[in-house]
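# Residue-level structural notes
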Amino acid sequence: MPNRWRKTISREKLPDVLVPGLDVVFVGTAAGRRSAAVGAYYAHPGNRFWRTLFEVGLTPRLYQPHEFPDLVKLGIGFTDMAKLASGMDHEIAPEQFDVPRFEKAIARAAPRAIAFTSKKAASVFLREPTGRLAPGRQKRPHNRSEIFILTSPSGAATRYWSVAPWAELAAFLGRRERDG
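Below or above, wherever it landed, is the structure these notes cover. All values derive from a computational prediction rather than experimental measurement.

### So, the packing of aromatic side chains
Tallied over the full model, the rule gives 18 aromatic pairs. Pairing Phe102 with Phe116 gives two aromatic rings, centres 6.1 Å apart and planes at 45°, and the pair type is tilted. Taken as a pair, Phe102 in helix α3 (residues 99-109) and Phe116 in strand β3 (residues 113-116) lie far apart in primary sequence, 14 residues in all. Grouping residues by exposure puts Phe102 and Phe116 together as buried. An aromatic cluster of at least three residues, connected via ring pairs, comprises Phe26, Tyr41, Tyr42, Phe49, Trp50, Phe68, Phe78, Trp161 and Trp166. Here Arg61 stacks its cationic end above the ring of Tyr63, 3.9 Å away from the centre of that ring.

And the structure:
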């Protein structure tokens, strides 16, 4: 059988959701164990991601993790810095990060904003130690995309949680926080 007819088997834990002209692309370090197991971004029940999107006005309703592909219709995309790995940030080996792949994917999508949902992912991309990075909008854009570092929605990062950078992203995108 000729090579052009063979199916490529992806080892990626979660598929990218990237199309040109997105409002925002959410970028994690790598799929968490639960997310990799069920094939959906931010799938652990203790993760605040989906609730926060709704609360700050980035989505018109509360979505469930398995609905992640539908968010492209709202201008929202997804990817990770380490597509072939899964687990907690400290479990991802440095050689598993693929910055060139990420940069090419972001260049094709050209979103208005890149929103890192972990300081580790932002650190790898920006080549800065995590201790030097503060949540919120960054002073340096990437090409035409503004960069935001969000507090991690993971339940494992509860002590660092703040909705403020998420609300800042929503305000930048022209969406507003919901009352109550």
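From this point, things continue past the structure.
### So, α3
Think of an α-helix as 3.6 residues a turn; residues three or four steps apart then line up on the same face. Of all the positions in α3, only Val99, Arg101, Phe102, Ala105, Ile106 and Ala109 are classed as buried. Buried residues in α3, looked at end-on, bunch into an arc of 155°, giving them a common side. Facing away from the buried side of α3, by more than 90 degrees, are the exposed residues Pro100, Lys104 and Arg108. Packing partners of the buried residues in α3 comprise β1 (24-28), β2 (76-80), β3 and α4 (119-126). Between a side-chain oxygen at the N-terminus of α3 and the backbone nitrogen of Arg101 the separation is 3.1 Å; the capping residue is Asp98. One or two positions beyond α3, positive phi appears at Ala110, with a value near 45°.

Analysis parameters
- Residues numbered from 1 in each chain as written.
- Predicted model: local features only at pLDDT ≥ 70, side-chain atom pairs only at ≥ 80, totals over all residues.
- Heavy atoms only, no water.
- Phe/Tyr/Trp six-rings, centres within 6.5 Å; stacked < 30°, edge-to-face > 60°.
- Helix = DSSP H or I, 4+ residues; strand = E, 2+ residues; numbered from the N terminus.
- Buried < 20%, exposed > 50% of the residue type's maximum accessible area, 1.4 Å probe, protein only.
- Lys NZ or Arg CZ within 6 Å of the ring centre and 35° of its normal.
- Arc of directions from axis to C-beta.
- Contact = heavy atoms within 4.5 Å.
- Polar contact = N/O pair within 3.5 Å; in protein donor to acceptor, adjacent residues only side chain to side chain.

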